[in-house]
Amino acid sequence: MELEGERPPAPAPGVGRERDRPVRWREVRLRRSADFDRVRREGRTWSHPLFVLIAAPNPMGVTRIGVVAGRRVGRAVARNRAKRLLREAARHLHPHLATGWDLVLIARPPILTVKGPQVEAALEELARKAGLWQEE
RNA sequence: CAGGUCGGCCAGGCGGUCGCGCUCCGCGCAUCGCGCGGGGUGAGGAAAGUCCGGGCUCCACAGGGCACGGUGCUGGGUAACGCCCAGGCGGGGUAACCCGACGGAUCGGGCCACAGAAACAGACCGCCAGGUUGGUGGGUUAGCGGGAUAUGAGCAUCCCGCUGAUUCCCCCAUAUACCGGCUACCGGUCUACCAGAUACCCGUCUACCAACCUGGCAAGGGUGAAAAGGUGGUGUAAGAGACCACCGGCGUCCGGGGUGACCCGGGCGGCCAGGCAACCCCCACCGGGAGCAAGGCCAAGCAGGGGCGACGUGGGGGCAAGCGAAGUGCCGCCUGCCCCCACACGGGGCGGCCCGUCCCGUCCGAGCCCCGGGUGGGCCGCUUGAGGCGGCGGGCAACCGCCGUCCCAGAGAGAUGACCGCCCACGACAGAACCCGGCUUAUCGGCCGGCCUGGAGC
RNA sequence: GCGGGCGUGGUUCAGUUGGUAGAACGUCUCCUUGCCAAGGAGAAGGCCACGGGUUCGAGUCCCGUCGCCCGCU
């Protein structure tokens, strides 16, 4: 399912491969408003009915992930639900993602109709399209 | 048992794997801090909407008046409320029970479309009295007169006219005779006088209809959401609370009950004239402004520029320099700086205005406006509180007091999720962001209790 | 957290002392033209966002709900 054509720059080399270790989610979160703005301004976009993936390279050697659910998704309960599903999927699949990227996941309303594994499958599909997927 | 009504409670549960926020203990690295292991704890009845009320924090705290906003039966509860409890009154329901912005309409302004005579004061139809003018049909029958036919003449027969407005019949008219309907109209039904003379003459009495005029009336009709107390009687030309009886309502006074709203009984009064104050308004009571992005501390960083802007005046004091032939003293004059007082002006506190008051400033300038620059990190506030539970006591209750006991989320891109198994029989509305008390709205289903109505059985 | 505004025909908007809801454009029918457009004549189309209340009567006044938009910090 490798996508041909132009591809984002290769991940920074020489980063340790510690995929066996459980990911410490709090260390790989994208937190600052400036980071979100930078990714959405400079990054490339891949979309899926459940959510949208935006990716931009960073020079830090780690892959950070931010999660967004706007008012279109629903009220507070619905937005929390959407962000939890996206965080859980990202946490599980983080070891398979290329390093040195900042990712933003934007929830769409249909995500409320599915369960966890479908979100993980959708994230894997988008990661493959973006060329960020690394088979173990 | 069925239906109804009111109140209270629960908000899927258990187990396993991988994860999250906070916190405690131990160990390790070891400056903050980080990592590992273990324990504890972790969203709601509405956390929601932000419709009220407070606490807390900062700003401001002589005060007065006027605005503005809110609340609106009474008493109580409370930190406070527009909330709650109890009671009163009004309305709904067979009942339990539920609902009610529920002060004032004889201080004033305003509004009440259309219809209707009139919407708060009146007369369209109508009823009554008086006056003026005009009118009251036809038939039959009778009388009288005339004529025609016929005859000697008459009677008789036929025709016409007049009279009896009244006795027999018919028709017509009449919105207060009655019934029905599409209701000032239409249809149907009923009634339409009395007396008197010889229905002849004279005279008298009197009825009815129409139009108009003058006056009286407010019963009835019709309009409307709303029209002047209701029923019966007296009374009158016709009528009317004009008067009377009973009933209903209003005002006022007295007596009684209640803290009070209000209720009960009695007397008196005129029946005086509606509704809307979620229209203005009046009355009573309440209300400073902002909000945890409040506010405080630490660290880091930066760069300033422009515009508007009040006239100042008088007095006093201190210091310094100069001048008055001389003088480190005294006095006077003058200049500069600083301070105080009074007045004027400008600005601010003072939330909208005025008075008043306090503070700052008046050309080295208070304050205001515009442009530009830096930061957007950390800590505190931050959860022990009008707190939960249990018991006792007070109170009809809301609630309050005392004692005991418990600690029960504190995040900061923002913590409860993912997967599997089982059970109940499939899980609704929905996520804390400073904290409480209420209200309102959303909500699958289940449990418990009080009361009411109906039916059945003992 | 605090504050403000708006929901009316298909669309854009009016609508004051509360009294039968209007305009423009659009739609439809007819006329005009060989045909279309323009033009002329006429018509249809609204539970005034929703639910209660006040009033005889509510688009309008009061309370609540929903949706959309804006401002300040």
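In this report, the structure presented in the accompanying data block is examined. In this convention, every chain numbers its residues from 1, walking through the sequence in written order. Both sets of labels track the order of writing: A upward for chains, 1 upward for ligands. The predicted origin of the model limits local features to residues at a pLDDT of at least 70 and limits the giving and counting of side-chain atom pairs to 80 or more, whereas totals for whole chains, interfaces and linings rest on all residues. Hydrogens and water are ignored here; the side-chain numbers use all heavy atoms of the structure.

### Points about the pattern of salt bridges
Basically, it comes down to this: Salt bridge, as used here, is a side-chain nitrogen of Lys or Arg placed within 4 Å of a carboxyl oxygen of Asp or Glu. Every helix listed is a DSSP run of H or I at least four residues long, and every strand listed is a run of E at least two residues long, numbered separately from the N terminus. Buried means the residue's accessible area, taken with a 1.4 Å probe over protein chains only, is under 20% of the maximum for its type, while exposed means over 50%, and partly exposed covers the values in between.
Within this structure, the stated rule accounts for three salt bridges. Across the pair Asp-102 and Arg-64 runs a salt bridge, and its minimum N-O distance is 2.9 Å. With Asp-102 in strand S4 (residues 101-107) and Arg-64 in strand S3 (residues 64-68), this residue pair connects regions lying 38 residues apart in the sequence. By the burial criterion, Asp-102 is buried, and Arg-64 matches it. In this structure, the salt-bridge partner of Arg-128 is Glu-124, at a minimum N-O distance of 2.9 Å. Of this pair, Arg-128 and Glu-124 both sit in helix H3 (residues 116-130), separated by four residues, roughly a single helical turn.

### Thoughts on the pairing of S3
The condition that has to hold: Two strands qualify as a pair provided DSSP detects at least 2 bridges between them. With its strands directed away from the observer, a crossover is right-handed exactly when the path from the first strand over the helix to the second travels clockwise.
Of all the five residues making up S3, four are buried; the element is thus mostly covered by neighbouring parts of the structure. Across five bridges, the pairing between S3 and S4 is parallel. Residue pairing in the sheet places Gly-66 in a bridge with Val-104 of S4. What joins S3 to S4 is helix H2 (residues 76-93), and the crossover it makes is left-handed.

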